[in-house]
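A closer look at the structure
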Amino acid sequence: MFWKSTDDVLAIDSGYDANKMKPKKTVEWTVQEEVELKELFEKWIDKANAIDLCEMIAQDMTTSTDKQRIEVKKKIIELGLVPEENANILKKKPKNKVEWLPDEREALRNLYEEYQYERDPVALIQEKLDTKTRKKIVKELELLLGVRKIDLDVNRCIWTKDEDEELRILYQHKSEVLAGNSLLEAIQNSIPKNRTVKEITDALIRLKLKRMKAAVLIFGQKQNMQLLTSTKSLLSKKECIMKIKNDFVIY
């Protein structure tokens, strides 16, 4: 007795031609997705000979993150954005294994230093590195500089350069006598602009002033915490859970 897939069961029950009769799944596009597709098409069409146009558009979409290359290609044809005689520009191109050259990485580093305090630094960087998608820039910043996605989100809490410097000084001064939540609350009370403890914590992590000894995995609707102890920690898993519940470890 062997396991049977749903297709096998359908074939045994209804005949082996039944699978061919199943309706194909259709991909729905919203009005916002179609509008963004047209905008991205206009943005990348001039570079179509050097890039995989459909792949680039699929990676650059923000209104949808699950559209595949083939779906983008079909929609471009359906909307009549490419004349039939120019359909070759939609063909898949071989991927370049070396996606970032040394000069590009250095330019990325410099551009992030220049734009990191702007509302959307990735968009400004992309204007300069115009052959890179937003996703590729975010991924490379994470790898190259250790920048977190939360620090690149357009909806993130914005800190100015002066506020960063003020936070750095406050942390260095108050961490000599305080730690954990007491330190965070003291910093919160000393900052002129109203900031939540979470915003302060995120800023301290971004400035490399704060890190946690263990990785916290958030899962489920109730956001239960499962703690994975680090290799350097001498505490048991249970002790780490109690420690992190009672107090943040601040370095």
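Residues numbered from 1 in each chain as written. Predicted model: local features only at pLDDT ≥ 70, side-chain atom pairs only at ≥ 80, totals over all residues. Heavy atoms only, no water.

This part is about the overall build of the protein chain. Across its full length, the protein chain holds eleven helices and two strands. Starting at the N terminus and ending at the C terminus, the protein chain contains elements arranged as α-α-α-α-α-α-α-α-α-α-β-β-α. By the burial criterion, 32% of the 251 residues in the protein chain qualify as buried. Considering only contacts in the protein chain between residues 6 or more positions apart, those separated by 24 or more positions represent 54%. Total accessible area on the protein chain stands at roughly 17,500 Å², and carbon and sulfur atoms take up 53% of it. (Helix = DSSP H or I, 4+ residues; strand = E, 2+ residues; numbered from the N terminus. Buried < 20%, exposed > 50% of the residue type's maximum accessible area, 1.4 Å probe, protein only. Contact = heavy atoms within 4.5 Å. Areas by Shrake-Rupley, 256 points an atom, 1.4 Å probe, with all protein chains shown as cover.)

Moving on, we come to the pattern of salt bridges. One pass over the full model with this rule turns up 14 salt bridges. The salt bridge involving K198 is made with D202; its shortest N-O contact spans 3.0 Å. Of this pair, K198 and D202 both sit in helix α10 (residues 197-206), four residues apart, which is roughly one turn of that helix. On the basis of relative accessible area, D202 is assigned to the buried category, the value being 18%. A cluster of three or more residues bridged by salt bridges with shared partners is formed by R148, D151, K198 and D202. (Salt bridge = Lys/Arg side-chain N within 4 Å of Asp/Glu carboxyl O.)

What follows is about unusual backbone geometry. A positive phi angle, close to 60°, is found at K208, a residue other than glycine. With respect to the helices and strands, K208 occurs in the loop between α10 and β1 (215-219). Judged by its relative accessible area of 58%, K208 falls in the exposed class.

Let us look at the packing of aromatic side chains. A full pass over the atoms with the stated rule returns zero aromatic pairs. Above the face of the W100 ring, K132 is positioned so that its terminal group lies 4.6 Å from the ring centre. (Phe/Tyr/Trp six-rings, centres within 6.5 Å; stacked < 30°, edge-to-face > 60°. Lys NZ or Arg CZ within 6 Å of the ring centre and 35° of its normal.)

Between helix α5 (residues 102-115) and helix α6 (residues 121-128), the least distance of the axes is 10 Å, while the angle of their chain directions is 135°. In this view, α5 runs oblique relative to α6, as classed from their interaxial angle. The handedness of the crossing between α5 and α6 is right-handed. Packed against α5, whose contacting residues are L108, L111, Y112 and Y115, the element α6 presents P121, L124, I125 and K128 at the interface. Its residues assigned to classes, the contact of α5 with α6 comprises seven nonpolar, no polar and one charged. (Axes fitted to C-alpha atoms, helices over the stretch in contact; angles between N-to-C directions. Parallel < 35°, antiparallel > 145°, perpendicular 65-115°, else oblique. Left-handed = near helix turned anticlockwise from the far one by under 90°. Nonpolar A, V, L, I, M, F, W, Y, C, P; charged D, E, K, R; others polar.)

It is worth spelling out the side chain of E140 at this point. Summarising the element assignment, E140 is placed in helix α7 (residues 134-145). Not counting chain neighbours up to four residues away, the residues in contact with E140 comprise W100, R105, L108 and L145.

Given 3.6 residues to a turn, an α-helix orients residues that are three or four positions apart in the same direction. Taking 1.5 Å of rise per residue, the 14 residues of α5 would be expected to cover 20 Å, and the 20 Å separating its terminal C-alpha atoms lies within 8% of that figure. Inspection of α5 places L108, L111, Y112 and Y115 among the buried residues, and these make up the whole buried set. On an axial view of α5, the arc spanned by its buried residues comes to 100°, and they lie on one face. Facing away from the buried side of α5, by more than 90 degrees, are the exposed residues P102, D103, E113 and E114. (Expected span 1.5 Å × (residues − 1). Arc of directions from axis to C-beta.)

In a pair of packed helices, the angle between the axes and the distance between the axes together describe the arrangement. Orientation of helix α2 (residues 31-44) relative to helix α4 (residues 69-78), taken along the N-to-C sense of each, is 90°, at an axis distance of 11 Å. Considered as vectors, α2 and α4 are oriented roughly perpendicular to each other. Contacts from E34, L37 and F41 of α2 reach α4 at V72, K75 and I76.

On to α2, then. Taking 1.5 Å per residue as the helical rise, α2 with its 14 residues ought to reach 20 Å, and the 20 Å between its terminal C-alpha atoms agrees with that figure. Listing the buried residues of α2 in full gives E33, E36, L37, L40, F41 and W44. Mapping the buried residues of α2 onto a view down its axis gives an arc of 140°, with all of them on the same face. Residues of α2 that are exposed and point over 90 degrees away from its buried face: V31, Q32, E39 and E42. On its buried side, α2 packs onto α3 (53-60), α4 and α6.

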